[in-house]
Amino acid sequence: DQQVKQNSPSLSVQEGRISILNCDYTNSMFDYFLWYKKYPAEGPTFLISISSIKDKNEDGRFTVFLNKSAKHLSLHIVPSQPGDSAVYFCAASSLPGEKLTFGTGTRLTIIP
Amino acid sequence: DGGITQSPKYLFRKEGQNVTLSCEQNLNHDAMYWYRQDPGQGLRLIYYSQIVNDFQKGDIAEGYSVSREKKESFPLTVTSAQKNPTAFYLCASSRRTIPYEQYFGPGTRLTVT
């Protein structure tokens, strides 16, 4: 049972435009959500997080939106840059600092 | 420079042999984790430890074992009982206070033939 789902395996976006990556979850106990970026044969790098008391968190070009009633979160990257091409994973936990459940990832390709 | 080290980057073993993957962190993090990634899949949790001398099974612990004798170290042994050991293995660590995000090592690719 996949508790965290990323239904788009891949996404292509023109450089300079907005990239929107989506993530859905089924476990209502999840309270803390994170996005990671991963290049091939490397460990994931933390991007941004959000707790359930917020509906938006912003850090530079990255913004995460959380819709608790829909059990949905999204990552917006604007403007998209070639270096953003990577696989993006969303992850969730019941409490901050507890074990994470990861989605299957979305491969983002930025087209120059 | 603080960080997480995993060694080696690539590891080859014959079927039936146990193999131990190293993970060391100098971030002074209490919690450490082992994940496995297979092609086209997300990260699946094998084992985690939130404090020295204590660890819990994750979602796919069968065929694996760990120890946590020191705060800095969390080695993972892939035993011969693991049916499909060939994978990319990732170690991570985190605080148990703010900020909570997990930081990952560079990974070890294990190939068993």
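Please refer to the structure higher up on the page.
What comes next is a walk through the structure. (Residues numbered from 1 in each chain as written. Chains lettered and ligands numbered in written order. Predicted model: local features only at pLDDT ≥ 70, side-chain atom pairs only at ≥ 80, totals over all residues. Heavy atoms only, no water.)

## Focus: the packing of aromatic side chains
Here is step 1 of the chain: With the rule as written, the count across this model stands at 13 aromatic pairs over all chains.
Here is step 2 of the chain: Plain terms: the ring middles of B:Tyr33 and B:Tyr48 are 6.3 Å apart, the flat faces sit at 15° to each other, and that makes the pair stacked. Of this pair, B:Tyr33 sits in strand S4 (residues 31-37) while B:Tyr48 sits in strand S5 (residues 43-51), placing them 15 residues apart in sequence.
Here is step 3 of the chain: According to the relative accessible area criterion, B:Tyr48 is buried, its value standing at 10%.
Here is step 4 of the chain: Taking 5.9 Å as the distance between ring centres and 65° as the angle between the ring planes, the aromatic pair formed by B:Tyr64 and B:Tyr89 counts as edge-to-face. Placement of B:Tyr64 in strand S7 (residues 64-66) and of B:Tyr89 in strand S9 (residues 87-94) is noted, with a sequence separation of 25 residues between them. The two residues B:Tyr64 and B:Tyr89 agree in class, both being buried.
Here is step 5 of the chain: Every member of this aromatic cluster is reached through a ring pair, and the members are A:Tyr36, A:Phe46, A:Phe89, A:Phe102, B:Tyr33, B:Tyr35, B:Tyr48 and B:Phe104.
Here is step 6 of the chain: Over the ring of B:Phe74 we find B:Arg68, and its NZ or CZ is 6.0 Å from the ring centre. (Phe/Tyr/Trp six-rings, centres within 6.5 Å; stacked < 30°, edge-to-face > 60°. Helix = DSSP H or I, 4+ residues; strand = E, 2+ residues; numbered from the N terminus. Buried < 20%, exposed > 50% of the residue type's maximum accessible area, 1.4 Å probe, protein only. Lys NZ or Arg CZ within 6 Å of the ring centre and 35° of its normal.)

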